[in-house]
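This is what each chain is made of:
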Amino acid sequence: MVIETTWLGWIVALPALGVLFNVFVGRRATGAVELVGPGLVGAAFALAVWAALRRPEGGALHDHVYTWIVAGPFRAEAGLRLDALAMVMTLVVTGVGFLIHIYSVGYMHGDQGFARYFAYLNLFTTAMLILVLADNLVLLFVGWEGVGLCSYLLIGFWYEKPENAAAGKKAFLVNRVGDAGFLLGLFLIVATLGNHGIWTLDVAALEQHRDLLREVAPWVCLLLFVGATGKSAQLPLYVWLPDAMAGPTPVSALIHAATMVTAGVYMIARLHFLYALAPAALAVVAVVGALTALFAAAVATAQMDIKKVLAYSTVSQLGYMFLGLGVGATGAAVFHLVTHAFFKALLFLGAGSVIHGLGGEQDMERMGGLGTRMRITFVTMAAGTLAIAGVPPFSGFFSKDEILWNACAGAFPVLGVIGLLVAFLTAFYTGRLFCMTFFGECRASEDVQHHLHESPAVMTLPLVVLAVLACAGGFLDVPGLLGGEGHEAHAPLAFMLLATALAAGGLGLAWALYVKWPGLPSLVAWRLGAFYRLVRDKFRVDELYDAAVVRPVFALAEVSATRIDPQLIDGAVNGAGRVVSATSGAWRRYQTGNVQHYALSFLAGALALLGYWVTR
Amino acid sequence: MTPPLAWYLGLSAVLFAIGVLGVLIRRNVIVIFMAIELMLNAVNLSFVALARSLGSMDGQVIVFFVMTVAAAEAAVGLAIILSMFRNRETTNADELATLKW
């Protein structure tokens, strides 16, 4: 059952109004930005809650805003649709986004670009809401590109530093590669359905006519998945996400938890009926997800930058979600998306609080012993750590377990085994992060220690709320809400015990290595030698891409600029000019200026005509 | 007894050829100008001869037109030659060849 409304659009419009305010008024009224920026997102959250309550059981709310594109037979509406999946996403985006907005007020206090920052942040929320609420894939693509643009703007927020600007550019370009695949997928759908006289990309219509797409479904799904690997940072297009740490820390939290990276997961969950037609494409999704999870978790174990650890952790957790999608556990994947939004936002904001307290320090080598100095951050981070490690009854345990059990019970149990290994690594690297930051001796300089302080309430309050959500989020019945798509089984007790043991083992190992015997890690690293360096250098994927893609492209551009353009293109143009000039140079010799020469050619012409008439 | 038409036409052709040669060979623009007049009058002669032989007045009417045009042309042409001579102090066609390229 679908109920038409006229007010659903306001969920999107409220943050959009915030953008306008921050752009046009914000610079002159910083005090108002503090209220308007987070306030409008909070209002959007309240409206989303209201919409969630008004949504009919098993149905959806719909708002047809206006007819957007009419091109021949093709039509695309600007229509919003709030069904169960969109409802979950909207609540996460506005809810977690709202907390991050509040936190940002404290974190960005006194920054030159305060209003600009909130304009971008609101725009980010707007774009993400368009993405999750869109009732057709064209409008979804608008949001899809919108979050890409905002990530570029926010990652390069402190653009005075060239490396920040470069990181923003990298995110934009890598996403472009994925978006090309996404667009091709859309074209393929339009072309196929158009052959049958159906000219729309409305999701409900696609679901209704999915039999017509049966033949092209594998290709469509793979192309759309290319887009998802870009947005959701999967192999091989994940490289932009770790660099995205160049932005302000709350932005990292927003990108990693509530918006942007969840777009790919959401899109595949939204189109699960299409993926169900293409088991091969689903297998690809599962394999890529599992490999990404393993790869990124391994890299995260050897990073020293606190934000880098969390970045690779996000990549790894997104791999879990794709693994869940790939084995048909859509509900579990979205469940993990939600819990991940809670604990990853918490971890990022907690890390931001630590960085803030240490005056901008991000290197974990120069942290430690902060547990007693930053009480609230310590406790809330502990909740986040336990949640991501998957210790019951924290939220990560439930969602992760469901994915892992579905993977083990699915067609490729080996993927489940990889998932379990990743669970161990996850517990280890988060434990490592936590121990290096909060336990042991403080390794910061005297000066930094002197200024060390707990963050203000505007920052710790969101931490506390998120910590509660990270603890209790596991009891939300998200898979049940989504109506049990696929055939999801609940894990047996033995499996839960195994996962718990792995989590505890990982955390224990981290505690042993980084608290009990702090000399041991460097010894292990020395023992592992080249392999350790390979992991620490992130398997040198960036260098590989640099050599395989960036340099050849630059070399090609260089050849074009110094050879092809001046010699081939210019040569052709100049050559044409020279030929004309040479021909005319030859012909102008006949223009002597002497009247008698002209008269002679006149005579010759007259005689020729005469001859012609006579001999004809 | 009047001479046959062919004689008139032959004389006309000879006069015309002399005029053409004069235009092409002589260097003095005034002489070239005179050669042009010669060509015009050669044509006039053939017109009159043909008019007479065909018993039609059309040819003679054309001759009047030609003479009128020739008079106008002589006036314009001599004026041009005069102003050329004032500017360049020459009437040699080879030296009056600046209108080129």
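These numbers were taken from a predicted model, which means no experiment stands behind them.

1. Some details on the overall build of chain A
Here comes step 1: Across its full length, chain A holds 26 helices and 3 strands.
Here comes step 2: Over its C-alpha atoms, taken along the principal directions, chain A stretches across nearly 120 × 60 × 55 Å.
Here comes step 3: By the burial criterion, 51% of the 616 residues in chain A qualify as buried.
Here comes step 4: A sequence separation of at least 24 residues applies to 81% of the contacts in chain A between residues at least 6 apart.

2. Side note on the overall build of chain B
Here comes step 1: When helices and strands are counted, chain B shows 3 helices and 0 strands.
Here comes step 2: Ordered by position in the sequence, the α and β elements of chain B form the string α-α-α.
Here comes step 3: Relative to the compact-globule value of 13 Å for 101 residues, chain B shows a C-alpha radius of gyration of 17 Å, a clear excess of over 25%.
Here comes step 4: Along the longest, intermediate and shortest principal axes, the C-alpha atoms of chain B span 55 × 25 × 25 Å.

3. Description of the packing of helix α13 (residues 279-300) of chain A against helix α14 (residues 306-326) of chain A
The packing of two helices is summarised by the inter-axis angle and the distance between the axes.
Residue and element names in this part refer to chain A.
Here comes step 1: Packing of α13 against α14 brings their axes to within 7 Å, and their N-to-C directions diverge by 160 degrees. Of the possible angle classes, the one that applies to α13 and α14 is roughly antiparallel. The two elements α13 and α14 cross, and the hand of that crossing is left-handed.
Here comes step 2: Here the residues of the contact of α13 with α14 sort into 19 nonpolar, 6 polar and no charged.

4. Considering the interface of chain B and chain A
Here comes step 1: On the chain A side, the residues contacting the 10 residues of chain B number 10 residues.
Here comes step 2: Across the side of chain B that touches chain A, the residue classes tally to 7 nonpolar, 1 polar and 2 charged.

5. Thoughts on the pairing of strand β3 (residues 74-82) of chain A
All names here are of chain A.
Here comes step 1: Most of β3 is tucked away, with 7 of its 9 residues classed as buried.
Here comes step 2: Pairing of strand β2 (residues 60-71) with β3, which is carried by 9 bridges, proceeds in the antiparallel orientation. Of the residues in β3, the one forming a bridge with Asp63 is Leu80.
Here comes step 3: Counting the residues in the hairpin turn of β2 and β3 gives 2 residues, including Gly72, whose phi is positive at 60 degrees.

6. Comments concerning unusual backbone geometry
All names here are of chain A.
Here comes step 1: Cis peptide bonds are those with omega within 30 degrees of zero, and the linkage from Leu235 to Pro236 qualifies with 0 degrees.
Here comes step 2: Residue position: Pro236 is located in the loop between α8 (217-231) and α9 (240-243).
Here comes step 3: In the Ramachandran plot, Ala233 falls in the positive-phi region, its phi being about 55 degrees despite a non-glycine side chain.
Here comes step 4: Mapped onto the elements, Ala233 comes out in the loop between α8 and α9.
Here comes step 5: Under the C-beta neighbour-count criterion, Ala233 is labelled buried, with 32 such atoms within 10 Å.

7. Topic: the domain arrangement of chain A
How big an interface is tends to be stated in terms of accessible area lost as the parts join.
All names here are of chain A.
Here comes step 1: Here chain A is described as being made up of domain 1 (1-264) and domain 2 (278-536).
Here comes step 2: For domain 1 versus domain 2, the distance between C-alpha centres works out to 25 Å.
Here comes step 3: If you look at the interface, domain 1 gives 36 residues, while domain 2 gives 45 residues.
Here comes step 4: Of all elements in the fold, only α3 (84-107), α8, α9 and α10 (249-258) reach the threshold of two or more residues within the side of domain 1 that touches domain 2.
Here comes step 5: Broken down by element, the side of domain 1 that touches domain 2 gets its largest block of residues, 12 residues, from α3.
Here comes step 6: The residue inventory of the side of domain 1 that touches domain 2, partitioned by class, reads 27 nonpolar, 9 polar and no charged.

8. With respect to α14(A)
All names here are of chain A.
Here comes step 1: Between its terminal C-alpha atoms α14 stretches 30 Å, which fits the 30 Å expected from 21 residues at 1.5 Å a residue.
Here comes step 2: In terms of burial, α14 is a largely internal element, 21 of the 21 residues being buried.
Here comes step 3: Trailing α14 by a residue or two, Gly328 shows a phi angle of about 85 degrees, which is positive.

9. Let's talk about the packing of helix α2 (residues 30-54) of chain A against α3(A)
All names here are of chain A.
Here comes step 1: It is the contact of α2 with α3, at a shortest axis distance of 9 Å, that shows an interaxial angle of 160 degrees. If you check the angle between α2 and α3, you find them roughly antiparallel. As α2 packs across α3, the resulting crossing turns out to be left-handed. Residues Glu34, Gly37, Pro38, Val41, Gly42, Ala44, Phe45, Ala48 and Ala52 of α2 form the contact with α3, whose participating residues are Met87, Thr90, Leu91, Thr94, Gly95, Gly97, Phe98, His101, Ile102 and Val105.
Here comes step 2: Counted by class, the contact of α2 with α3 contains 11 nonpolar, 7 polar and 1 charged residues.

10. Quick notes on helix α1 (residues 5-25) of chain B
Here comes step 1: Its 21 residues place the ends of α1(B) 30 Å apart at the C-alpha level, agreeing with the 30 Å of an ideal helix rising 1.5 Å per residue.
Here comes step 2: Inspection of α1(B) places B:Ser12, B:Gly19, B:Val20 and B:Val23 among the buried residues, and these make up the whole buried set. The buried residues of α1(B) occupy an angular sector of 100 degrees when projected down its axis, which confines them to one face. Facing away from the buried surface of α1(B) by more than 90 degrees, the exposed residues are B:Ala6, B:Trp7, B:Val14 and B:Ile25.
Here comes step 3: In the core, the buried residues of α1(B) are packed alongside α26 (595-615) of chain A together with α2 (29-54) of chain B.

Cut-offs and rules
As a convention, each chain's residues are numbered from 1 in the sequence order in which they are written. Key to labels: chains lettered from A, ligands numbered from 1, both in the order written. Local features in this predicted model are restricted to residues whose pLDDT is 70 or higher, and side-chain atom pairs enter the listing and the counts only when it is 80 or higher, whereas totals over whole chains, interfaces and linings include all residues. Secondary structure elements are defined from DSSP: runs of H or I of at least 4 residues count as helices, runs of E of at least 2 residues count as strands, and each element is numbered from the N terminus. Exposure criterion: with C-beta atoms placed from backbone coordinates, a residue whose C-beta has 20 or more other C-beta atoms within 10 Å is buried, one with 12 or fewer is exposed, and one in between is partly exposed. A pair of residues counts as a contact when their C-beta atoms, built from backbone coordinates, are separated by no more than 7 Å. Only C-alpha atoms enter the radius of gyration, while the globule expectation follows 2.2 Å times N to the 0.38, with N the number of residues. Angular values range over 0 to 180 degrees, each being the angle between N-to-C directions of two axes fitted as lines to C-alpha atoms, with helices fitted over their stretch in contact. Note on angle classes: values under 35 degrees are labelled roughly parallel, values over 145 roughly antiparallel, values of 65 to 115 roughly perpendicular, and the remainder oblique. Handedness of a crossing follows from how the near helix is turned relative to the far one, being left-handed for an anticlockwise turn of less than a right angle and right-handed for a clockwise one. When residue character is reported, Ala, Val, Leu, Ile, Met, Phe, Trp, Tyr, Cys and Pro are called nonpolar, Asp, Glu, Lys and Arg charged, and the others, Gly included, polar. Between any two strands, pairing holds if DSSP finds at least two bridges. These domain boundaries are the output of an automatic or database domain assignment. Take the number of residues in a helix, subtract one, and multiply by 1.5 Å to get its expected span. Regarding the arc, it is the one traced by the directions from the helix axis to the C-beta atoms.

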